[in-house]
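Observations on chain architecture
Residues per chain are reported as follows:
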Amino acid sequence: MSEKNTKNERSAAGELLDSLYLDMFHLIEAHTQCRIDIERTSSDGSILLARTKFQQGGQSLSTAQIPAENSAEFNALCRVKKAADEDISIERHPVDKENGYVEPLYWFSVLPPMSLRSAVDKFKRTIDLIAESANLQRELSRVLDGINRLRQTVALQ
């Protein structure tokens, strides 16, 4: 009877390993696609920034426009948060000058060009993708740990 139980346990462990390997491959595929999207949106944003600088001219930005130590305090519009389950999320705050949430886009111009606004959107999307990539990588690590533990357990039997 114990030989039959051992066979059943090995069969169940094999099915669980198959399921974990399938999860691993899906996570690798999702993570790879996420990294490709990060590269694409980041490079698109960089090109849009270059286009803006070209359209505005090289002298349109001076260091006097960038906040320094003696400038007014301000808060970040975007913060990285860790949830209870260790996942990373992005917390965005609306622009609220009274509470110190200012839009840096308007430091340089009252009416920023459309290419600069598009670049900001691309970089915001990149930040979201980076958080998603980190979460996928963490989940992939958990699946790999589960595979290693299960393989060790099967090897001990």
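Before any of the text, the structure's been laid out above.
Residues numbered from 1 in each chain as written. Predicted model: local features only at pLDDT ≥ 70, side-chain atom pairs only at ≥ 80, totals over all residues. Heavy atoms only, no water.

What to know about the state of the cysteines
Stated formally: A pair of sulfur atoms, both from cysteines and within 2.5 Å, is called a disulfide here. Under the scheme applied here, a residue whose accessible area is under 20% of the maximum for its type counts as buried, over 50% as exposed, and between as partly exposed, the area being computed with a 1.4 Å probe on protein chains only.
Evaluated as defined, the whole model comprises zero disulfides. No disulfide involves Cys-34; its sulfur sits 15 Å from the nearest other cysteine sulfur, which is in Cys-78. Relative accessible area serves as the criterion here: at 25%, Cys-78 is assigned to the partly exposed category.

Focus: the pattern of salt bridges
Short version of the rule: By definition here, a salt bridge exists when the distance from a side-chain nitrogen of Lys or Arg to a carboxyl oxygen of Asp or Glu is within 4 Å. In this text, helices come from DSSP runs of H or I with a minimum length of four residues, and strands from runs of E with a minimum of two, each type numbered from the N-terminal end.
A full pass over the atoms with the stated rule returns five salt bridges. Put simply, Glu-91 and Lys-81 hold a salt bridge, and the shortest N to O gap is 3.6 Å. A residue pair is termed long-range when its members are at least 10 positions apart, and Glu-91 in strand β2 (residues 88–92) and Lys-81 in strand β1 (residues 78–82) qualify at ten residues. Classification of Glu-91 by relative accessible area gives partly exposed; the value is 29%. Assessed through its relative accessible area of 38%, Lys-81 is described here as partly exposed. The partner of Lys-82 in a salt bridge is Glu-86, and the shortest N-O contact between them spans 3.7 Å. On the basis of relative accessible area, Lys-82 is assigned to the exposed category, the value being 56%.

Some words on the environment of His-93
The condition that has to hold: Working rule for contacts: check all heavy atoms of both residues, and any pair within 4.5 Å makes them a contact.
Structurally, His-93 is set in the loop between β2 and α2 (114–156). Each C-alpha atom, one on His-93 and one on Asn-75, is 9.3 Å from the other, the two residues being 18 residues apart in sequence. If we skip the residues at most four places from it in the chain, His-93 touches Ala-76, Leu-77, Arg-79 and Tyr-101.

Overview of the side chain of Thr-126
Heads up, the condition is: Here a polar contact is recorded for every N or O atom pair within 3.5 Å, except that within protein the pair must consist of a potential hydrogen donor and a potential acceptor, and residues adjacent in sequence are included only if both atoms are side-chain atoms.
Position of Thr-126 relative to the elements: it lies in helix α2. Residue classification places Thr-126 among the buried residues on the basis of a relative accessible area of 7%. There is a polar contact of 2.9 Å between the side chain of Thr-126 and the backbone oxygen of Lys-122. If we skip the residues at most four places from it in the chain, Thr-126 touches Ile-38, Thr-41 and Ser-42.

Some thoughts on the environment of Cys-78
Checked against the element boundaries, Cys-78 lands in strand β1. With 35 residues separating them in the primary sequence, Cys-78 and Ser-43 have C-alpha atoms 20 Å apart. Beyond its immediate chain neighbours, meaning those up to four positions away, Cys-78 contacts Ile-90, Glu-91, Arg-92 and Ile-127.

A short note on the nonpolar core
For clarity, the cut-off: To define a nonpolar core, start from buried Ala, Val, Leu, Ile, Met, Phe, Trp, Tyr and Cys residues and group those joined through side-chain atoms within 4.5 Å.
In terms of nonpolar packing, the biggest core is built from 13 residues, with Leu-20, Met-24, Leu-27, Cys-34, Val-143, Ile-147 and Leu-150 touching the most fellow members. Of all the secondary structure elements, the ones that give two or more residues to this core are α1 (2–56) and α2. Among the elements that line this core, the one with the most residues is α1, at seven residues. Ignoring any residue separated from it by four or fewer positions in sequence, one finds Ile-147 in contact with Leu-17, Leu-20, Tyr-21 and Met-24.

Brief notes about the pairing of β1
For clarity, the cut-off: A pair of strands is treated as paired once DSSP finds two or more bridges between them.
Summarising the sheet, β1 and β2 pair through five bridges and their orientation is antiparallel. Bridge assignment links Val-80 to a residue of β2, and that residue is Ile-90. Taken together, β1 and the strand that follows it, β2, pair antiparallel across an intervening segment of five residues, in which Glu-86 is found at a positive phi of about 70°.

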